[in-house]
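# Structure assessment
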Amino acid sequence: MNFKSCARTALVVAAIVLAGAVGTARAAAAFTPGSPGLGDPYFPLAGNGGYDVSHYSLRLDYEPSSNHLAGTATISALATQDLSRFDLDLRGFDISRLLVNGVAASFTRDGQELVITPGAGISTGSPFTVVVDYAGTPSVITDPDQSIEGWVPTDDGAFVVGEPQGSPAWYPVNDNPRDKATFDFSVTVPAGLTAMANGVLVSSTTSGGKTTWVWRETDPMAPYLATVTNGRFDLTISTTSAGTPIYVAVDPQLPKGEVLSKLPAIVDFYSSIYGPYPFNAVGAIVDSAKVVGYSLETQTKPVFDRMPNEATLAHELSHMWFGDSVTLTTWPDIWLHEGFATWSEWIWSEYEGNKSAAQWFKQLYNTPPQDVRFWTPPPGDPGSPAFLFNGTIYYRGAMTLEALREKIADDGVFFRIMRDWATQQRYGNVTTAQFITLAEHESGLDLQHFFDVWLYQPDKPTSW
Ligand SMILES: [Zn+2]
């Protein structure tokens, strides 16, 4: 119950009483534009107000030789206010047709905002469908930290990644991690190329010199975790011990990656400590795209710009629990992804009988306090989107978890916290405050000072 739902009930009653000429005029006046952004502290225009997307159906045709992408996006959404107008996020492209509920709608472009005015207002609580036909050259986005993302052409296709703001470079989207949705992909590429995407492979059909790859992601996914990385790939399909399909795609230009044979064991290990694997598929997309300079935890199949080492493979697979299933609400909480994934590298290393998480902690803790670049900014407050993927978010973030493990001094309790976090918040959006509440509740300790020192103070922690 909240004030808004009370007000709406009253309005409905009024409309019934006034049914007739006056009632219609009153309802029409209440329709207002959805906001152009959701107010994220780092990316205020990412995402849009007034609706929730439930499903994206993306039908794409890509020609690598000309870097030309043609698409039809069919977006199913639910209005969360009486909408006179709403935005999607999309960068570039020519739009040849835009329909809302099957009827042509007018639209304008303003930076990343695609501003859509349907012929009639959409009432709160109503489902509606948007169809966008678009074509052109997809873009490469340069982030505040100077890394690149979006649609990055390779020698045989494209490396497609969206964290934190690359998705509008290739599809119209409500680009905010809070608006998770299911996805269907139908991606047509020249025959001989493979188009990978999230979820389960439904079909691949070749005709007229082109192959169409159809993938389906039936679990909720934050829009930035979508990929349709394509090119020349050797695709191998197998299953985990729990029966989840594994799709491993490797660029044949790369040397054979023995490390990928560890993938099922890593997934089994994390399933044993964090709870059941959260998605309907798993795997890896290993491309030759060193210009990108990083790998990303695209949902169900992390994408790598080169053959990963074992730690990087483990890191990205652990993100399926921490980042993809349990997702931040706003970007400054990125340590909830990167600190957890880095600590996951350490616990895999410990499990395999190599360096333990405690040894990793000790080694890094020896970094002198004068080394400001190692200790600052603190992981809970990067301070700017330019520091979103700073080393401190990863290393000091992971050290925070290992310090918590040592403070609790009972692995049974600590591992229960990690598992409960992954299972209780499955498919959700979370905040650091919620993690602190869970840790305090399960440990029985007052951890306010501990987390303040580790997550928010700029200096090297000395007592906690
Ligand atoms: Zn990561």
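Reference entry: report on the structure contained in this document. What you see is a predicted model, and the numbers here were worked out from it, not measured in a lab.

### Thoughts on the coordination of the zinc ion
- Protein coordination of the zinc ion is provided by H315 (NE2), H319 (NE2) and E338 (OE), with donor distances spanning 2.0 to 2.1 Å.
- Every donor residue of the zinc ion comes from the same chain, spaced as H-x3-H-x18-E. Within this pair, whereas H315 is found in helix α4 (residues 310-318), its partner E338 is found in helix α5 (residues 335-351), the two being separated by 23 residues in sequence. Take H315 and E338: they sit in the same class, and that class is buried.

### Some points on the side chain of E442
- Within the element layout of this structure, E442 appears in helix α10 (residues 432-443).
- According to the relative accessible area criterion, E442 is buried, its value standing at 14%.
- Looking at E442, its side chain comes within polar contact range of the side chain of R416, at 3.4 Å.
- In contact with E442, other than residues within four places in its own chain, are V413, R416, I417, D420 and Q424.

### Some details on the sheet that holds strand β21 (residues 303-304)
- Sheet architecture is open: four strands sit in the order β18-β19-β20-β21, paired in mixed fashion. What marks the edges here is a single partner per strand, and that holds for β18 (234-239) and β21.
- In terms of strand pairing, β18 meets strand β19 (residues 245-250) through six bridges, oriented antiparallel. Within β19, the position partnered with I237 by the bridge is Y247.

### As for the environment of A314
- Relative to the assigned elements, A314 resides in helix α4.
- In sequence terms A314 and L263 are 51 residues apart; their C-alpha atoms lie 7.9 Å from each other.
- Residues contacting A314, with those up to four places away along its chain left out, are I266, Y270 and W348.

### Some remarks on helix α9 (residues 411-424)
- With 14 residues, α9 extends 19 Å from end C-alpha to end C-alpha; this agrees with the ideal 20 Å at 1.5 Å per step.
- Burial in α9 covers these residues: V413, F414, F415, I417, M418, D420, W421 and A422.
- Where the residues of α9 are buried, they touch α3 (263-274), α5, α8 (391-408), β23 (429-430) and α10.

Cut-offs and rules
Residues numbered from 1 in each chain as written. Predicted model: local features only at pLDDT ≥ 70, side-chain atom pairs only at ≥ 80, totals over all residues. Heavy atoms only, no water. Donors = N, O, S within 2.8 Å, 3.2 Å for Na, K, Ca; no water. Helix = DSSP H or I, 4+ residues; strand = E, 2+ residues; numbered from the N terminus. Buried < 20%, exposed > 50% of the residue type's maximum accessible area, 1.4 Å probe, protein only. Polar contact = N/O pair within 3.5 Å; in protein donor to acceptor, adjacent residues only side chain to side chain. Contact = heavy atoms within 4.5 Å. Pairing = 2+ DSSP bridges. Expected span 1.5 Å × (residues − 1).

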